[in-house]
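Commentary on secondary and tertiary structure
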Amino acid sequence: MKRGIILALFALCLSGYGQAQVAVRIADTASKQVISKNLYGQFAEHLGSCIYGGLWVGKDSPIPNTNGYRTDVLEALKKLKVPVMRWPGGCFADEYHWMDGIGDPNKRPKMVNNWWGGAVENNSFGTHEFLNLCEMLGCEPYISGNVGSGTVEELNKWVEYMTSAGDSPMANLRRQNGREKPWKVKFLGVGNESWGCGGNMRPEYYADLYRRYATYCRDYDGNRLYKIASGASDYDYNWTEVLMKQIGDRMNGISLHYYTVTGWSGSKGSATTFTPNDYYWTVNKCSEIEGVIQKHLAIMDKYDAQKKVGLLVDEWGTWWDTEPNGTPLYQQNTMRDAMVAALTLNIFNRYSDRVKMANIAQVVNVLQSMILTKDSKMVLTPTYHVFEMYNVHQDARYIPLTVEVGKVKTASGAEIPAVSASASKDAAGNINITMANIDLDKSQEVTIALPFAAKSASGRILTSKNITDYNSYDNAEVVKPTPFQKIKLGKGTVTFTLPAKSIVAVTLR
Ligand code: AHR
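Residues numbered from 1 in each chain as written. Predicted model: local features only at pLDDT ≥ 70, side-chain atom pairs only at ≥ 80, totals over all residues. Heavy atoms only, no water.

A word on the site of the ligand
Residues in close proximity to the ligand total 13 residues, the closest being Glu45, Cys91, Glu193, Tyr259 and Glu315. Within the side chain of Asn192, a nitrogen or oxygen atom sits 3.1 Å from an oxygen atom of the ligand. Tyr259 places a polar side-chain atom, nitrogen or oxygen, 2.8 Å from an oxygen atom of the ligand. In the complex, the protein chains occlude 94% of the 280 Å² of accessible area that the ligand would expose alone. When the residues that make up the shell around the ligand are grouped by side-chain class, the tally is seven nonpolar, three polar and three charged. (Near = heavy atom within 4 Å. Polar contact = N/O pair within 3.5 Å; in protein donor to acceptor, adjacent residues only side chain to side chain. Areas by Shrake-Rupley, 256 points an atom, 1.4 Å probe, with all protein chains shown as cover. Nonpolar A, V, L, I, M, F, W, Y, C, P; charged D, E, K, R; others polar.)

Things to note about the state of the cysteines
Under the defined criterion, the tally for this structure stands at one disulfide. Between Cys50, a cysteine without a disulfide, and Cys134, which holds the nearest cysteine sulfur, the sulfur-to-sulfur distance is 12 Å. Residue Cys50 is classed as buried on the basis of its relative accessible area, which comes to 0%. Counting only cysteine sulfurs, Cys134 is the nearest neighbor of Cys139, a cysteine outside any disulfide, at a range of 3.8 Å. Residue class for Cys139 comes out buried when judged on its relative accessible area of 8%. (Disulfide = S-S within 2.5 Å. Buried < 20%, exposed > 50% of the residue type's maximum accessible area, 1.4 Å probe, protein only.)

Digging into the sheet that holds strand β17 (residues 402-404)
Taken in spatial order, the five strands of this open sheet run β17-β1-β22-β26-β25, and their pairing is mixed. Looking along the sheet, the strands with just one partner apiece sit at the ends: β17 and β25 (488-489). Examined bridge by bridge, strand β22 (residues 443-449) and strand β26 (residues 493-498) share six bridges and lie antiparallel to one another. Paired with Ala449 across the strands is Thr493, a residue of β26. (Pairing = 2+ DSSP bridges. Helix = DSSP H or I, 4+ residues; strand = E, 2+ residues; numbered from the N terminus.)

A look at unusual backbone geometry
Note the cis peptide between Trp87 and Pro88, where omega equals 5°. Looking at the element boundaries, Pro88 is found in the loop between β5 (84-87) and β6 (111-113). With an omega of -10°, the peptide bond running from Ala361 to Gln362 counts as cis. Tracing the backbone shows Gln362 in the loop between β13 (355-361) and β14 (371-374). Within the chain, Asn67 stands out as a residue other than glycine whose phi angle is a positive 50°. Here Asn67 is to be found in the loop between β3 (65-66) and β4 (69-70). Judged by its relative accessible area of 51%, Asn67 is exposed.

Concerning the environment of Asp236
Relative to the helices and strands, Asp236 resides in the loop between β10 (226-233) and α7 (237-247). The spacing of Asp236 and Val292 is 56 residues in sequence and 9.3 Å in space, taken between C-alpha atoms.

What about the domain arrangement of the protein?
Interfaces are frequently sized by the accessible area removed from exposure as the parts join. Parsing the protein into structural domains produces domain 1 (20-30 + 400-508) and domain 2 (35-395). Here the C-alpha centroids of domain 1 and domain 2 sit 29 Å apart. Across the boundary between the two partners, domain 1 contributes 41 residues, which contact 39 residues of domain 2. Sorting the residues of domain 1 by area buried against domain 2 places Ile467, Tyr473 and Ile503 first, and these three jointly supply 23% of that buried surface. Remark: the boundary between domain 1 and domain 2 carries two salt bridges. Linking domain 1 with domain 2 are 17 residue pairs in polar contact (both at pLDDT 80 or more). Tallied by class, residues from the side of domain 1 that touches domain 2 come to 21 nonpolar, 14 polar and six charged. (Domains from an automatic or database assignment. Contact = heavy atoms within 4.5 Å. Buried area = accessible area lost by both parts, 1.4 Å probe. Salt bridge = Lys/Arg side-chain N within 4 Å of Asp/Glu carboxyl O.)

Considerations on the side chain of Thr29
Relative to the helices and strands, Thr29 resides in the loop between β1 (19-25) and β2 (41-43). In this view, Thr29 contacts Ile399, Lys425, Ile431, Pro451 and Phe452; residues no more than four positions away in its chain are not counted.

Quick word on the environment of Met251
Along the polypeptide, Met251 turns up in the loop between α7 and β11 (253-260). Measuring from C-alpha to C-alpha, the distance between Met251 and Glu193 comes to 16 Å, with 58 residues separating the pair along the chain. Apart from the residues within four sequence positions on either side, Met251 is in contact with Tyr210, Lys227, Ala229, Leu243, Met244 and Val309.

This is the structure:
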């Protein structure tokens, strides 16, 4: 009793002096739930400098390239182990006509990118360039089809062009354009944001349209499409309800978009200049995705108790003001963005029994990107480092855990748990635990209780002096992972100090 009081007083003193306690418990490591690698997916839209200048510079560019793809970006993405990439949009997808992007690049027609600043799109990056990029990265393509302004025939022919092996008109056209073998294309989005930029439809109307489109998107020669219905924006539960009721038996997946954004009109706030209150607002807003996912899942469970239909969060991330003089939606990326990535990925891992894919918006130069480029310069963002540290969870077995931790009270009165965590077991039997301490001031004394005695431990940490720190072209390594050494192993316990505003990945063997 006396010892208990002394320990409690000790804990109180520590928390008063900037340190608190976290108790993590892992009871069982034998779960069968797999964290799909596709939760770590990317999104590339014809928007700003994501494609042109970011991924693609063309073969004649003075910027070092591999057949037109930026070599530096290609190498960085290979290290990230990108599992899946969504293309060509976004809003752009519902105005994109794929036939404009095939054949001799010099003869491809131009178009105006009406959604994104009226830039002239010369279509030099089209179907072949995208699908070849996926092959080079070893990732699955996710094609977002045009439902808003296209036709059923156009989408049907695109699928045939990409995936048919036979003596069919579209397969022969593909051959004429230099590609004998079909590509493997599994993921097909039937429209994007059909409630908004993809056609401003009502869910009942979209559901009927989906039936028509999906009927003619065929499985050619062993290619099996995974058809994804254009799903809700964050809190629009009625959209999910109507789609699940009317076409739940005709889709493989339904999407969800959730942005950490202050609002759709007016300033969204600076990416790099913000107060602690702004930071905690962001952390709270990004954490709200958990409740949003739970509500969509509850609706899906009502119509599909066997969880045949996946929920795919195919757009998510932070959305700040575009940098002065930046291309559309080009924003810097600080340690705050890294925190959003860490918290969100821990949540996705937790719901991996039904959440089967997620695609952060976007891969290069747009919104919460992995990579920023300017002419021949490239920088890896703090968010890139989180994705790289977390890729140990890809296709690993999810391990449930409980976290007992104090809460951080924000200026708006919201209370957020100070630490977020998730764990998995990889094919080699290693246990990987990722944790984030959102608190700007207090470190956390972490004790993890395990059902076994770990023989060794290693880890990496991502943190920075200021939460506003970012990597710039002149100073590219301000925020980067470093070894995390002081991990103590006991009999069935692991203990370490999680510094304020830090993210760690620990491997136990
Ligand atoms: O990612 C940027 C845009 O956000 C996408 O084009 C659209 O789908 C969403 O509104």
